[in-house]
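Listed below, chain by chain, are the residues.
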Amino acid sequence: MPPSVDELPRPRLLHMGVALALVVVMLVLLVWAAATDHLVTAVWATFGLSAGLVWFVLGGLRDRRHMTAELRSRDAQLLTVLDGLPIAVMLRDERGRLLHVNPGTLRFLERLGLTVDQIAESPVAMLDHIDVIREDGRPWRPDELPVVSAIRDGVSTDAVLGYALPEGGWAWYSVRAEPLPLGDGTAGTVLTLDDVTARRALEQELRDAALTDPLTGLANRRALSERLRDAQHRQARHDGLIGLIYLDLDGFKAVNDTWGHDAGDRVLVAVGERLRHG
């Protein structure tokens, strides 16, 4: 993150300090000359005071130009770094208007079937074109989006967002919005989006494997225990009853003993299919 204005090297104030000291001395001398009617001293004091003021003002302008040049240079360096990142990065101003996108953002928008123009004017403009959901499937409200919260509250915000794909399904991104001081003294917001779709798919596969019988694809004993526990919690909150159906396969042992375990496995798979489809 680039430094804020307060973190930049302070301007070189030596010449401004000398100029300020000259102004003070000449001002004191001018007051003394006026009090004692010393005309020549008053003239020289006025001349010195004017020169000191000019020196002070010109020095301040020169240092301000120097600081502005440093800020612009740092902004340019920041944009160069952002453009080199493999993730999507957007920079918005204090009103939410888009200032800069890196190549990763262009790839992100292309994946969603969007263009830069469609999201440029507002951080919530994307919601006019595609659906954006939370991890639990609920839609994001415009005022709850991480970038909106960062712009409004001036604090870092992160979340995982699901973006609807043109061909169906969802692309999942880890999104972080971070306030960022800009070179012109205003507050901006940098938004980073890291694609976590493959990671989420792998995590879901691992969760499914832990809760699913590998042969039939049905829920295993661990899944049964978790669902019973959840049902008991719901019952404790809302009353009601819990229903449980127990099924047994008559004569299944005879299938294994007569035709072998491969035949028994095929029977279990067929039963699982019928239970899933009904």
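What counts as what
- Residues numbered from 1 in each chain as written.
- Predicted model: local features only at pLDDT ≥ 70, side-chain atom pairs only at ≥ 80, totals over all residues.
- Heavy atoms only, no water.
- Buried < 20%, exposed > 50% of the residue type's maximum accessible area, 1.4 Å probe, protein only.
- Helix = DSSP H or I, 4+ residues; strand = E, 2+ residues; numbered from the N terminus.
- Pairing = 2+ DSSP bridges.
- Core = buried A, V, L, I, M, F, W, Y, C linked by side-chain atoms within 4.5 Å.
- Contact = heavy atoms within 4.5 Å.
- Patch = residues over 30% accessible without salt bridge, like charges linked within 9 Å, V, L, I, M, F, W, Y side chains within 5 Å.
- Areas by Shrake-Rupley, 256 points an atom, 1.4 Å probe, with all protein chains shown as cover.
- Salt bridge = Lys/Arg side-chain N within 4 Å of Asp/Glu carboxyl O.
- Arc of directions from axis to C-beta.
- Polar contact = N/O pair within 3.5 Å; in protein donor to acceptor, adjacent residues only side chain to side chain.

1. Focus: the pairing of strand 1 (residues 88-92)
At step 1: Burial of strand 1 is extensive: five of the five residues sit out of reach of the surface.
At step 2: Where burial is concerned, the two faces of strand 1 agree: the one with Ala88, Met90 and Arg92 and the one with Val89 and Leu91 are both buried.
At step 3: Here strand 1 pairs with strand 6 (residues 187-195) via five bridges, running antiparallel. Bridge pairing links Val89 to Thr192 in strand 6.
At step 4: Pairing geometry for strand 1 and strand 2 (residues 98-101), over three bridges, is antiparallel. The residue of strand 2 that forms the bridge with Arg92 is Leu98.
At step 5: Connecting strand 1 to the next strand, strand 2, in antiparallel fashion are five residues, including Gly96 with a positive phi near 90°.

2. A closer look at the nonpolar core
Nonpolar side chains in soluble globular proteins generally cluster together in the buried interior.
At step 1: In this structure, Met90, Phe108, Leu112, Met126, Leu161, Tyr163 and Leu193 are the most contacted members of the largest nonpolar core, which totals 28 residues.
At step 2: Elements that contribute at least two residues to this core include exactly strand 1, strand 2, helix 3 (103-112), helix 4 (146-153), strand 4 (157-164), strand 5 (170-181) and strand 6.
At step 3: Residues contacting Phe108, with those up to four places away along its chain left out, are Ala88, Met90, Met126, Tyr163, Tyr173 and Leu193.
At step 4: In terms of nonpolar packing, the next biggest core, distinct from the first, is built from five residues, Val89, Leu91, Leu180 and Val190 among them.

3. Structural notes on a nonpolar patch on the surface
At step 1: Together, Ile245, Leu247 and Leu275 give the surface a local cluster of nonpolar side chains, amounting to about 360 Å² of exposed area.
At step 2: Relative to the elements of secondary structure, Leu275 occurs in helix 8 (residues 261-277).
At step 3: Residue classification places Leu275 among the partly exposed positions, given a relative accessible area of 47%.

4. Digging into helix 3
Side chains three or four residues apart in an α-helix point the same way, a direct result of the helix having 3.6 residues per turn.
At step 1: Inspection of helix 3 places Gly104, Thr105, Phe108, Leu109 and Leu112 among the buried residues, and these make up the whole buried set. Buried positions in helix 3, seen along its axis, are confined to an arc of 135° and lie on one side of it.
At step 2: Where helix 3 is buried, its residues touch strand 1, strand 2, strand 4, strand 5 and strand 6.
At step 3: Backbone geometry just downstream of helix 3 places Gly113 in the positive-phi region, at approximately 75°.

5. Digging into the pattern of salt bridges
At step 1: On inspection of all chains with the given rule, the structure shows 14 salt bridges.
At step 2: Residue Asp195 pairs with Arg111 through a salt bridge whose shortest N-O separation is 2.8 Å. Highlighted residues: Asp195 in strand 6 and Arg111 in helix 3, separated in sequence by 84 residues.
At step 3: Given a relative accessible area of 40%, Asp195 falls into the partly exposed group.
At step 4: Overall, the relative accessible area of 31% leaves Arg111 in the partly exposed class.
At step 5: The residue Arg138 makes a salt bridge to Asp136 at a minimum N-O spacing of 2.8 Å.
At step 6: Given a relative accessible area of 46%, Arg138 falls into the partly exposed group.
At step 7: By relative accessible area, Asp136 is classed as exposed at 52%.
At step 8: Each of the salt bridges in this network shares a partner with another, and the network as a whole consists of Arg134, Arg141, Asp143 and Glu144.

6. Observations concerning the side chain of Asn102
At step 1: Tracing the backbone shows Asn102 in the loop between strand 2 and helix 3.
At step 2: With a relative accessible area of 0%, Asn102 lands in the buried category.
At step 3: Within the local environment of Asn102, its side chain forms a polar contact with the backbone oxygen of Ile87, the two atoms lying 2.9 Å apart.
At step 4: A distance of 2.9 Å separates the side chain of Asn102 from the side chain of Thr105, its partner in a polar contact.

7. A look at the environment of Ser149
At step 1: Along the chain, Ser149 turns up in helix 4.
At step 2: In sequence terms Ser149 and Ala177 are 28 residues apart; their C-alpha atoms lie 8.3 Å from each other.
At step 3: Residue contacts for Ser149: discarding those within four places in its chain leaves Asp143, Glu144, Gly154 and Thr157.

8. Some remarks on the side chain of Thr197
At step 1: Note that Thr197 resides in helix 5 (residues 197-211).
At step 2: Of the residues examined, Thr197 reaches a relative accessible area of 19% and is grouped as buried.

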